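Okay, here's what each chain looks like letter by letter:
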Amino acid sequence: MSLKPVPPHVFEALEALKVQDLLNCTPEEIRAILPCLVRMALISPLDIPKYCAQAKKDILTLLAGIELVNSMVSLLSIEFHALEHDLRKEQQMRQKPASSRQESFLIQNIVNGLATEFERSDPTRRVRLVLSELLQMQSQIAEYNQSKLNSPNSELTVKPSELFDNDVYLEEISDIICICLAELPILFNITDVCETLLYINKGPSIICWVVANMPDSFKEVVNHLVWNAERGEEECGAGGGLGARARGRALAQLCTMAPGHALAVRAKCVEACRLPALAVSLTLDNAAADTTGTNNDVVAFISGLLLGSEQSARNWLAGFLRGGQKRSRSGAAIGAGANTVEAGGGAARLRAELLRRLRAASGVNLRPAKVLEAAALLRLYCAFRGIAGIKFHDEEVASLIRLVTSKPSPTPAGVRFVSLSLCMIIACPTLIAAQEHDKKAIDWIQWLVKEEAYFESASGVTASFGEMLLLMAIHFHSNQLSAICDLVCSTLGMKVPIRPNNMTRIKTIFTQDIFTEQVVTAHAVKVPVTVNLNGSIPGYLPVHCIHQLLKSRAFSKHKVPIKNWIYKQICKSVAPLHPVLPALVEVYVNSILISNAAKGTVEYVNKPITEEEIRNVFRNSVFGAHFDTKKRVYNLADIDDTSNSNDDIQIEKPSLTSQLLLLYYLLLYEDVRLANTTSHMANGKKVKCYSTAFLSELPIKYLLHQAQSDQLSYGGLFSPLLRLLATHFPHLSLVDDWMDDQIFGDTQNASVYHTETLSEMSIIEAFSGMENNPSKASRVIKQMLMKSPTDIWPFAETYVHFFKTVLGDKVSRHIQELYRQVWLRLNTVLPRSLWVMSINALLDINSVSRNVTLTQENILVDPLQVLRCDLRVFRCGPILKIVLRILEASLAASRSQLSRHLHDKPLLEKSGQLSSDTEREELKNALVAAQESSALQILLETCLETDDDRAHPELMWSLREVRSIVCSFLHQIFISEPSLAKLVHFQGYPRDLLPVTVQGIPSMHICLDFIPELLSQASLEKQVFAIDLVSHLSIQYSLPKAMSIARLCVNTLSVLLSVLPCDLRVDLFQPVLRSLVRICTAFPPLLEEITSLLMQLGRVCESQASLGHSWNDVSISGDLAYTQSKVQEKTKVLMAEVLSRDIQNTMSEIIKKALLDDKIY
């Protein structure tokens, strides 16, 4: 007789040790677990609590009336010590080659056959017979595993067992195995025994009995059976090995015995990517057993595997489904519902269950409760087709087309279902292969077009399927089939391979039967904009459709104006930024400025957004006071465009997103316009140009920093904005500004000053008495530092008005530093307005421009206006840093303005003095170089020591600070533009500043590159400047290159000594004597050459002086040959005598500093 299955409630009771539940079971139900119960009753535990003693009595009561208990007792009474000894020998023998043909240590003298011997033997010998057979099979399996390494295609053949193949002995054999596993745990491992039992005819049933007697080993056995299954083991089908077929049956029976563990076993199969038929069978069994529907997860489980992120699990299940379809002879297997766990049957059973659900969900009017389930079924069948590559049968196609063309109720779930259905028709073109199905699909799509507005209003979903229909029609008209594939895949949430040639029919339906191009454009512009459009809104929106139509120039082709729609959508946008909006702005700008029409034809172009419309947005922002409409001068283009105005848009408080998008539009518009100015003028096309004054009003820098601080919301817009800003507004993207703005962007700590009220009157009172009561000014400034830059911007004009007050002699350095910090914070909001206010506040009251107020246009034309300020600025370090910041920005703005002027006024006809754009560029560069070099020369002059500095010792400390600030500024300029360093040194500056510049400017070493060219100049003044510069550079940078340049200077002096006349000789050599001392100090190897030069020069001077008045007569040489004597006031001496005396002093100094200085070497 065969083994009866273990009832689930018996296994659960034994696993949880519920003795009372076991007492309610019949003897037939507890037959499988008798070995465990008998051991529990006979073995005495070390500790006997009261409840254990009672439980033991209950178990004895349960076993009292069962006759088989006596045989169990006899099995437990054998000598297990001797059995263990023989069993070890048997195992060692089996490990040797050809062990199956040797004698056994467990049994001897078998005469009548194994079955007969088993019947006639005592319990001890019966145990030995069963164990011998098990070891025999284990040795065969071990030999197979060893040979499999050499020949992978070999098959396992287990020798038939007379004992195990007889159903009569199975129960007793199972009892013996259970008792041996319990009594000999060291020699017998339950997982190894279960693996061996797979190759026995009734092995799965024996495994269930074994595990039932050892319930704590359930997970261990399941894990072993799952992980030891080979990939594709179930796919071997009926022709596979015995163990391959039995593994799935064993696990299925274990799950039947313990249904609570079935889902855990299924999860283990998924984790190991093995036994897919078992996983599917467990899912279907779980759904069949669930009457409430709470654990009915067939669709969810299969969809999760096919659409999940685990590539291995997806390929595993997809391969199983494809294999099941190949092995299925016809579609009749779907309806058969064969209860099997083999590959073909498992896949067929799954499809039969899904078809049943598909039929139940299909209907003309889909019930609201079934919409989500139907949507999940659609996605699953799309995954079957796209990922698993399964071909649908006729019944499936008919049921799918009925479900796809259903008409759900207008709910968010209904909108989602319709979108999925629309995409499935495109992803699975076989659904409309039949004529009747094709007609049904066309009627359904036409119904969608009619009901789209009702669905959107009734469901409350912004991203309705109407936009998807429109977007598909746009893509079909422009033949962008790949874009349709991407749209379908993103909606379905899976990558479905769609061949373009399979979309021919659906393309015809969209472009000819439903949507023509003119209908598309006319409908698109009437679609309402999406309120509060942001990146968190899923699905396809009107902005997608407008973007594609603009991209394909459909609006221009059919002369449909779109400016108002785009402006409204920008105004209705909020954070986080929707990713399509920047692309929408780009194609809109291109549709305005770049024409695709053939030459000689006129193309309709979209109109740009007017300045007044942009002002309306910023006027209602935090900068509203800055956009004063009473002072506005309107453009003629703005007045002419009143027919397309957007006065109906109510902008109470525009979002940062809309301001950033309009800023991006303006910058991109100017960038594209300047790049295409030549073609516009050549074609006689008039293009709107936004004025410089209008652009200067915009808070460009503030908006950009807001985008940078919230890159999660504006990451897609920050990079292009930064690129355009650096190109067209370099003065707003200075490195120092960015570094300061990063600091000011941090959150400020709470302060005691936050309780005080900041007002314009409090600022005026604090700064008016700054010299007498600095603490009050300090409190006000610190209070401003605690606020955000936008909060203190309304007081900017009042604050800047006291610039000159801060320059007072009695104002502390602490106040000046605080003043600069507040100014830097204001510089992050509207820097260009702040610069103009600061320059006007610092204008020199003694200059001719006392009553002149500078504007931004004045500064762009002449950036040197910045330096026409109060002279006290150049002895006040904090305020000088502000002026240098303004100067740097003004120079950059002037460069940008000149470049923009060249682009705005291209050279179309070669007439006049200019014949090419290259000449215009060269003139522009020359003007820029003249401006910047003049600014640097002015700054260098401020570093000179004045009489006031000598009279006031405290100014000497300020002078040192100013020199440091100026040198740092010059260093940045020289690094960014090395040619400017060359120009400044060719122009020259006071030689008294050479020690300051060489020591204070780290980049002065670049002068070594152009000094030879400076030495070759014909001017003696430049030659003297070059030699003096080399001497200071030699001290600062004792490099081989500096030594070579110094030697060149000495050689040049030697040549000039022999060619210059006497009067010029003095002008040249008198100033360079100190330079020669520095060169010798820096490079002692040049001492010999310089000494030779000085000796030769001294002899010439002595010879000239020895002639006296007879040679140096005034009538011949003039007064230039004489100089005033330092000893006698009214006496003149020859210049040659003075030069000769200076040469002697120079030689003495060289000997002292270069020759006798022991620190050199």
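Residues numbered from 1 in each chain as written. Predicted model: local features only at pLDDT ≥ 70, side-chain atom pairs only at ≥ 80, totals over all residues. Heavy atoms only, no water.

K.L.:
Could you clarify how one ought to interpret the overall build of the protein in this entry?
P.N.:
When its secondary structure is counted, the protein shows 61 helices and two strands. Counting over 1161 residues, the protein shows a buried share of 52%. Of the contacts formed within the protein by residues at least 6 apart in sequence, a portion of 74% connects residues at least 24 apart. In the form shown here, the protein has an accessible surface area of approximately 54600 Å², with 53% of it arising from carbon and sulfur atoms. (Helix = DSSP H or I, 4+ residues; strand = E, 2+ residues; numbered from the N terminus. Buried < 20%, exposed > 50% of the residue type's maximum accessible area, 1.4 Å probe, protein only. Contact = heavy atoms within 4.5 Å. Areas by Shrake-Rupley, 256 points an atom, 1.4 Å probe, with all protein chains shown as cover.)

K.L.:
Please clarify how the environment of serine 419 should be interpreted in this entry.
P.N.:
With respect to the helices and strands, serine 419 occurs in helix H22 (residues 412-427). According to the relative accessible area criterion, serine 419 is buried, its value standing at 8%. In this structure the side chain of serine 419 is engaged in a polar contact, spanning 3.0 Å, whose partner is the backbone oxygen of valine 415. (Polar contact = N/O pair within 3.5 Å; in protein donor to acceptor, adjacent residues only side chain to side chain.)

K.L.:
Even after reading the chapter, I still don't get the pattern of salt bridges, so can you show me in this structure?
P.N.:
Here the idea is simple: oppositely charged side chains can pair when their charged atoms come close. One pass over the structure, following the stated rule, counts 42 salt bridges. Of the charged contacts in the structure, one is a salt bridge between aspartate 443 and lysine 439, with a shortest N-O distance of 3.2 Å. Here lysine 439 and aspartate 443 lie together in helix H23 (residues 435-459), a separation of four residues that amounts to about one turn. For lysine 439, a relative accessible area of 54% corresponds to the exposed category. (Salt bridge = Lys/Arg side-chain N within 4 Å of Asp/Glu carboxyl O.)

K.L.:
What is the right way to read the packing of H22 against helix H25 (residues 481-492) from this model?
P.N.:
If you want to describe how two helices pack, look at the angle between their axes and the distance between the axes. The N-to-C vectors of H22 and H25 enclose an angle of 135 degrees; their axes lie 9 Å apart at closest approach. If you check the angle between H22 and H25, you find them oblique. When you trace H22 past H25, the crossing you get is left-handed. Along its contact with H22, which presents Arg416, Ser419, Leu420, Cys423, Ile426 and Ala427, the element H25 presents Ile484, Val488, Thr491 and Leu492. (Axes fitted to C-alpha atoms, helices over the stretch in contact; angles between N-to-C directions. Parallel < 35°, antiparallel > 145°, perpendicular 65-115°, else oblique. Left-handed = near helix turned anticlockwise from the far one by under 90°.)

K.L.:
How should the packing of aromatic side chains be read in this particular structure?
P.N.:
By convention here, two paired aromatic rings are described through the distance between centres and the angle between planes. Tallied over the entire structure, the rule returns 16 aromatic pairs. Taking the centre distance of 5.7 Å and the plane angle of 65 degrees together, the rings of tyrosine 381 and phenylalanine 392 count as edge-to-face. Linking tyrosine 381 in helix H20 (residues 371-386) with phenylalanine 392 in the loop between H20 and helix H21 (394-404), this pair joins segments that are eleven residues apart in sequence. Both residues of the pair, tyrosine 381 and phenylalanine 392, belong to the buried class. An aromatic cluster is present here, built from Tyr588, Tyr665, Tyr669, Tyr690 and Phe694 joined pairwise through their rings. If you follow arginine 266 out to its NZ or CZ, it ends over the ring of phenylalanine 301, 4.0 Å from the centre. (Phe/Tyr/Trp six-rings, centres within 6.5 Å; stacked < 30°, edge-to-face > 60°. Lys NZ or Arg CZ within 6 Å of the ring centre and 35° of its normal.)

K.L.:
Just to check I follow, could you spell out the environment of isoleucine 514 for this structure?
P.N.:
Along the chain, isoleucine 514 falls in helix H26 (residues 504-514). Since its relative accessible area comes to 17%, isoleucine 514 is described here as buried. Taking the C-alpha atoms as reference points, isoleucine 514 and valine 449, 65 residues apart in sequence, are found 8.6 Å from one another.

K.L.:
Would you mind going over the confidence of the model for the protein with me for this structure?
P.N.:
Detailed reading of predicted coordinates is not advised where the pLDDT is low. Across the protein, the average pLDDT comes to 82, with 84% of residues at or above 70. For the protein, helix H33 (residues 636-640) is the element with the lowest average pLDDT, namely 41, and helix H53 (residues 994-1000) is the one with the highest, namely 95. Below pLDDT 50 for its whole length, residues 236-240 participates in six contacts with residues either more than four positions away or in separate chains. Below a pLDDT of 50 lies the segment residues 329-344, which in the model reaches 31 contacts outside its immediate sequence neighbourhood of four places, other chains included. (pLDDT = per-residue confidence, 0-100.)

K.L.:
Honestly, the packing of helix H37 (residues 700-709) against helix H38 (residues 711-728) in this entry has me stumped. Any pointers?
P.N.:
At a minimum axis separation of 7 Å, H37 and H38 run at an interaxial angle of 140 degrees. Here H38 runs oblique to H37, going by the angle between their axes. Between H37 and H38 lies a crossing of left-handed hand. Contact residues: H37 offers Ile700, Leu704, Ala707, Gln708 and Ser709, while H38 offers Gln711, Tyr714, Phe718, Leu721, Leu722 and Leu725. Considered class by class, the residues forming the contact of H37 with H38 number eight nonpolar, three polar and no charged. (Nonpolar A, V, L, I, M, F, W, Y, C, P; charged D, E, K, R; others polar.)

K.L.:
I keep staring at a negative patch on the surface and nothing clicks. Help me out?
P.N.:
A surface patch of negative charge is lined by Glu12, Glu15, Asp21, Asp216 and Glu220. One can find glutamate 15 in helix H1 (residues 8-16). On the basis of relative accessible area, glutamate 15 is assigned to the partly exposed category, the value being 37%. (Patch = residues over 30% accessible without salt bridge, like charges linked within 9 Å, V, L, I, M, F, W, Y side chains within 5 Å. Lys, Arg positive; Asp, Glu negative; His and termini not counted. Charge placed at Lys NZ, Arg CZ, Asp CG, Glu CD.)

K.L.:
Help me understand helix H11 (residues 203-213) in this model?
P.N.:
Quick reminder: α-helices carry 3.6 residues per turn. Residues three or four places apart thus point the same way. With eleven of eleven residues buried, H11 is to be regarded as a mostly interior element. Every buried residue belonging to H11 is among Gly203, Pro204, Ser205, Ile206, Ile207, Cys208, Trp209, Val210, Val211, Ala212 and Asn213, and all of these are buried.

K.L.:
Whenever I open this one, the environment of asparagine 606 confuses me. Can you help?
P.N.:
Residue position: asparagine 606 is located in the loop between helix H31 (580-593) and helix H32 (611-619). The sequence separation of asparagine 606 and isoleucine 562 amounts to 44 residues, and the corresponding C-alpha distance is 6.8 Å. Residues contacting asparagine 606, with those up to four places away along its chain left out, are Leu550, Ser556, Val560, Ile562, Tyr588, Ser591 and Ile592. A distance of 2.9 Å separates a polar atom in the side chain of asparagine 606 from a polar atom in the side chain of serine 591.

K.L.:
Which parts of the structure should I look at to understand unusual backbone geometry?
P.N.:
Note: most residues except glycine have negative phi, and most peptide bonds are trans. Alanine 575 connects to proline 576 through a cis peptide bond whose omega is -5 degrees. Along the polypeptide, proline 576 turns up in the loop between helix H30 (563-571) and H31. Non-glycine residue asparagine 532 carries a positive phi angle of around 55 degrees. Counting through the fold element by element, asparagine 532 comes out in the loop between helix H27 (517-526) and helix H28 (542-551).

K.L.:
Sorry if this is basic, but what is going on with the side chain of aspartate 438 here?
P.N.:
You can see aspartate 438 is positioned in helix H23. Each residue touching aspartate 438, except ones within four places of it in the same chain, is listed here: Ile432, Arg505 and Ile509.

K.L.:
Honestly, the side chain of serine 890 in this entry has me stumped. Any pointers?
P.N.:
Relative to the helices and strands, serine 890 resides in helix H48 (residues 877-904). Accessibility expressed as a relative area gives 4% for serine 890, which makes it buried. With near-sequence residues (within four places) excluded, serine 890 lies in contact with Ile859, Pro863 and Val866.

K.L.:
Mind showing me how you'd approach the nonpolar core here?
P.N.:
The tendency in soluble globular proteins is for nonpolar side chains to be buried side by side. With 372 residues, the main nonpolar core has Ile177, Leu254, Phe384 and Tyr665 as its most contacted residues. Here this core takes eleven residues from helix H34 (residues 656-675), the largest share from any one element. The residues touching tyrosine 665, leaving out its near neighbours within four places in the chain, are Val585, Tyr588, Val589, Ile592, Pro608, Ile609, Ile614 and Tyr690. (Core = buried A, V, L, I, M, F, W, Y, C linked by side-chain atoms within 4.5 Å.)

K.L.:
So what exactly am I meant to see when it comes to helix H57 (residues 1062-1082) here?
P.N.:
Taking 1.5 Å per residue, 21 residues should reach 30 Å; H57 reaches 30 Å between its end C-alpha atoms and fits that length. A bend of about 45 degrees at leucine 1073 is the largest found in H57. Residues of H57 that are buried include every one of Arg1065, Val1066, Leu1068, Phe1069, Val1072, Leu1073, Ser1075, Leu1076, Val1077, Ile1079, Cys1080 and Ala1082, and no others. (Expected span 1.5 Å × (residues − 1). Bend = angle between axes of the 7 residues up to and from the residue.)

K.L.:
Help me out: how do you make sense of a nonpolar patch on the surface in this one?
P.N.:
Judged by side-chain polarity, Ile1151, Leu1155 and Leu1156 come together as a nonpolar surface patch covering roughly 290 Å² of accessible area. As for its placement among the helices and strands, leucine 1155 is situated in helix H61 (residues 1135-1155).

K.L.:
Help me understand the state of the cysteines, please; the structure alone is not making it clear to me.
P.N.:
Applying the stated criterion across every chain yields a total of zero disulfides. Left unpaired, cysteine 255 is separated from the closest cysteine sulfur, that of cysteine 269, by 7.7 Å. (Disulfide = S-S within 2.5 Å.)

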